[in-house]
Amino acid sequence: MSLLLPLSLAANPVMDGADPHVSAVGRDYWLYPTEPRSRNPIFAAYRSSDLRTWKREGTILDLDKVPWVKADGAPWHGAWAPAMAEKRGKFYFYYSVGPQNPTPSRIGVAVGNSPAGPFTDSGKALLTGGDGFEAIDPMVFVDPKDGRAWFYAGGSAGAKLRVFEMADDMISFKREVDVAQPENFTEGAFMHLRDKTYYLSYSHGKWNDSSYSVHYATSDSPTGPWKYRGCILESDDKHQGPGHHSFVENRSTREWFIVYHRWETGRKDPPFRGGRKLAVEKVEYDDKGLIKKIKMTDGKSPVSPIRR
């Protein structure tokens, strides 16, 4: 079991990037973002012991080397918004493939033996958009209660969330579940479990303006019904458009953190351009298990480093 040092301080923002998915694996935190300023459609893994200092471990997937990606005939492809899930010692990397127009967006999955890869693609798209649905922003939650894995995806222009139960192989679906659309849902769904409550959090608003924000709902199950709980992270005087996030737990201390992207500007007039930054904040819950409003910080934010 990992042994953890007392709280340290992280300097926000911690790095360039967007759409971060963070997982705690063994003695490390692993981060998978939309790569900043990359000219090639690639994904990379970053490792940290404390959520503040990240080491790039290298490219884990290059879409130019995945044959089915080019089958749509689009002149370019975006490597966007990935997610990682672990089950039975295997690691499953889910990722969004653009463009969204005129060809539909798609989601792929690759498999590896460690969070650093290498990853081997499954050989075909897991989910393809169409009919008003955009296949973007995958997230897979493996329920520790029963081992079942749940896949969440969709949003943006269609603002539609779809939920599937994963098959045992984790690279195909067992079934789709009809779910109610969460209030104020736009994209970027994330699921985490704390005690007996399932927290579905997601982005609301437009990705490149100050309306972008994080909202959440709770349920007694990973598929709803959802009870909307409100906005927990929104623009302030120094930062705009905080969103597309993940929650991660330090299992030794039982502390929770949110890792998200934001625009480092006080200007409110959209559209924002340039690179986004990643930041980390500690998450607090009240005595009813509801998430307290999260304040964005600069320079110092509490995190838990891992003792080697």
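Anything mentioned here points back to the structure above.
The structure contained in this document is the topic of the report that follows. (Residues numbered from 1 in each chain as written. Predicted model: local features only at pLDDT ≥ 70, side-chain atom pairs only at ≥ 80, totals over all residues. Heavy atoms only, no water.)

1. A few points about the overall build of the chain
Here is step 1: On a plain count of helices and strands, the chain comes out with 0 helices and 25 strands.
Here is step 2: For the chain, whose C-alpha radius of gyration is 18 Å, the value lies close to the compact-globule estimate of 19 Å for 308 residues.
Here is step 3: Each of the 308 residues in the chain was classed as buried or not, and the buried ones make up 57%.
Here is step 4: Excluding contacts between residues fewer than 6 apart, the proportion of contacts in the chain whose partners are at least 24 apart in sequence is 51%.
Here is step 5: Surface exposure of the chain reaches about 13500 Å², of which carbon and sulfur atoms provide 48%. (Helix = DSSP H or I, 4+ residues; strand = E, 2+ residues; numbered from the N terminus. Rg over C-alpha atoms; globule rule 2.2 N^0.38 Å. Buried < 20%, exposed > 50% of the residue type's maximum accessible area, 1.4 Å probe, protein only. Contact = heavy atoms within 4.5 Å. Areas by Shrake-Rupley, 256 points an atom, 1.4 Å probe, with all protein chains shown as cover.)

2. What about the environment of Pro138?
Here is step 1: By the element assignment, Pro138 lies in the loop between strand S12 (127-128) and strand S13 (139-142).
Here is step 2: Sequence separation of Pro138 and Gly188 is 50 residues, and the distance between their C-alpha atoms is 7.6 Å.
Here is step 3: Filtering out sequence-adjacent residues up to four positions away, Pro138 remains in contact with Ala81, Pro82, Ala83, Tyr94, Tyr95, Ser96, Ile107, Phe151, Tyr152 and Ala153.

3. A look at the sheet that holds strand S22 (residues 255-263)
Strand pairing in a sheet relies on backbone hydrogen bonds, with the paired strands running either antiparallel or parallel.
Here is step 1: Spatial strand order, S3-S23-S22-S21: 4 strands in an open sheet with antiparallel pairing. Looking at strand neighbours, the two that pair on one side only are strand S3 (15-16) and strand S21 (240-250), the edges of this open sheet.
Here is step 2: Alignment of S21 against S22, held across 7 bridges, turns out to be antiparallel. Counted as the bridge partner of Asn250 is Glu255 from S22. (Pairing = 2+ DSSP bridges.)

4. Notes on empty space enclosed by the protein
Here is step 1: A full pass over the atoms with the stated rule returns 1 cavity of 30 Å³ or more.
Here is step 2: Empty space within the largest cavity amounts to approximately 60 Å³.
Here is step 3: If you go around the largest cavity, the residues you meet are Pro20, His21, Pro82, Ala83, Asp137, Pro138, Met139, Gly188, Ala189, Phe190, His244 and His245.
Here is step 4: When residues of the lining of the largest cavity are traced back to their parent elements, those giving at least two are strand S4 (18-25), strand S8 (79-87), strand S17 (187-194) and S21.
Here is step 5: For the lining of the largest cavity, the element with the most residues is S17, which contributes 3 residues.
Here is step 6: Residues of the lining of the largest cavity, tallied by class, amount to 7 nonpolar, 4 polar and 1 charged. (1 Å grid on protein atoms, 1.4 Å probe; cavity = no way out; pocket = protein on both sides within 12 Å on 5 of 7 lines; lining within 4 Å. Points joined across faces, edges and corners; volume = space filled by probe spheres on them. Nonpolar A, V, L, I, M, F, W, Y, C, P; charged D, E, K, R; others polar.)

5. Things to note about the layout of surface pockets
Here is step 1: Here the largest pocket defines a volume of roughly 830 Å³.
Here is step 2: Along its surface, the largest pocket is lined by 36 residues, and Asp19, Thr34, Ala79, Trp80 and Arg276 are the ones closest to its centre.
Here is step 3: Those elements that place two or more of their residues in the lining of the largest pocket are S4, S8 and S22.
Here is step 4: Grouping the constituent residues of the lining of the largest pocket by class yields 13 nonpolar, 13 polar and 10 charged.
Here is step 5: In this model, the second largest pocket occupies a volume close to 630 Å³.
Here is step 6: Going through the elements one at a time, S4, S8, S13, S17 and S21 are the ones with two or more residues in the lining of the second largest pocket.
Here is step 7: Take the lining of the second largest pocket: its biggest share by element is 5 residues, from S4.

6. Things to note about the side chain of Asp137
Here is step 1: Inspection of the secondary structure puts Asp137 in the loop between S12 and S13.
Here is step 2: Despite its burial, Asp137 remains without a salt bridge, the nearest opposite charge being carried by Arg276 at 9.1 Å.
Here is step 3: Looking at Asp137, its side chain comes within polar contact range of the main-chain nitrogen of Gly188, at 3.0 Å. (Lys, Arg positive; Asp, Glu negative; His and termini not counted. Salt bridge = Lys/Arg side-chain N within 4 Å of Asp/Glu carboxyl O. Polar contact = N/O pair within 3.5 Å; in protein donor to acceptor, adjacent residues only side chain to side chain.)

7. Notes on the environment of Ala44
Here is step 1: Counting through the fold element by element, Ala44 comes out in strand S6 (residues 42-48).
Here is step 2: In sequence terms Ala44 and Trp68 are 24 residues apart; their C-alpha atoms lie 20 Å from each other.
Here is step 3: For Ala44, the contacting residues outside a window of four places in its chain are Leu31, Tyr32, Pro33, Glu35, Arg56, Gly58, Thr59 and Ile60.

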